[in-house]
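So the chains spell out like this:
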Amino acid sequence: QVQLVESGGGLVQVGGSLRLSCAASGGTFSSYTMGWFRQAPGKEREFVATISWSGDSRDYADSMKGRFTISRDNAKNTVYLQMNSLKPEDTAVYHCACAIRFYGLRHQGFDYDYWGQGTQVTVSS
C-alpha cells in the first residue's frame, strides 16, 4: 500500500508561482513512475506531467510546457510540481499519482495505481 499526501496549494494572482509537493510512504518510491493530474469543477480530469523513476525522463501536457516543471527527490520520497506564470485556467484540484506497474512515462489516469486526496490551486485575476 502506498500513501500520497499533497501540499503547497493556495490562492495566487495571475502570473504568480506555486510549488506543490507530494510525499509518498508505504512503498519503494524510487522504483515508481509518478504523475500529476488536475480536475476543475465541471470538467474531466486532465494530465499535467509525468516523471520516470530516475527523474531522467519527463513529459507535460502542451498547455503546461515552459511553465510547469516536475521533479523528484528520491532520498526524500517526494515529487514536486513547480508552477510558474499561472493563469486562471490553471485553477483546479491537483492530484499526485503513483504507477507501480510501469517503468516509463505514463499519461493516462488508468495507468496509475495510487492517488493522493489533492490540493486546491486557485489563480485569481
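Above: the structure in question.
Here the structure is a predicted model, which means the values were calculated and not measured.

Rules and cut-offs
- Residues numbered from 1 in each chain as written.
- Predicted model: local features only at pLDDT ≥ 70, side-chain atom pairs only at ≥ 80, totals over all residues.
- Heavy atoms only, no water.
- Helix = DSSP H or I, 4+ residues; strand = E, 2+ residues; numbered from the N terminus.
- Contact = heavy atoms within 4.5 Å.
- Pairing = 2+ DSSP bridges.
- Core = buried A, V, L, I, M, F, W, Y, C linked by side-chain atoms within 4.5 Å.
- Buried < 20%, exposed > 50% of the residue type's maximum accessible area, 1.4 Å probe, protein only.

Asks: Sorry, what's going on with unusual backbone geometry here?
Replies: Trans is the common state for peptide bonds, and a negative phi is the common state for residues other than glycine. One non-glycine residue, asparagine 77, lies in the positive phi region at around 55°. Along the chain, asparagine 77 falls in the loop between β7 (68-73) and β8 (78-83).

Asks: Explain the environment of glycine 8 here, please?
Replies: With respect to the helices and strands, the residue glycine 8 is situated in the loop between β1 (3-7) and β2 (10-13). Separated by 72 residues in the primary sequence, glycine 8 and tyrosine 80 place their C-alpha atoms 9.6 Å from one another. If we ignore the near neighbours within four places in the chain, the residues touching glycine 8 are Leu18, Arg19, Leu20 and Thr119.

Asks: Whenever I open this one, the pairing of strand β3 (residues 18-25) confuses me. Can you help?
Replies: A regular strand places its side chains on the two faces of the sheet in alternate fashion. Where β1 meets β3, five bridges bridge the pair, whose relative direction is antiparallel. When the bridges of β3 are listed, glutamine 3 appears paired with serine 25. Across six bridges, the pairing between β3 and β8 is antiparallel. By the bridge assignment for β8, alanine 23 is matched with threonine 78.

Asks: It is not clear to me how the nonpolar core should be interpreted in this structure. Could you clarify?
Replies: Of all hydrophobic cores here, the largest spans 36 residues; its most connected members are Met34, Trp36, Phe68, Val79, Leu81, Met83 and Tyr94. Going through the elements one at a time, β3, β4 (33-39), β5 (46-51), β7, β8, β9 (92-99) and β11 (119-124) are the ones with two or more residues in this core. Each residue touching leucine 81, except ones within four places of it in the same chain, is listed here: Leu18, Arg19, Leu20, Trp36, Val48, Ala49, Phe68, Thr69, Ile70 and Tyr94.

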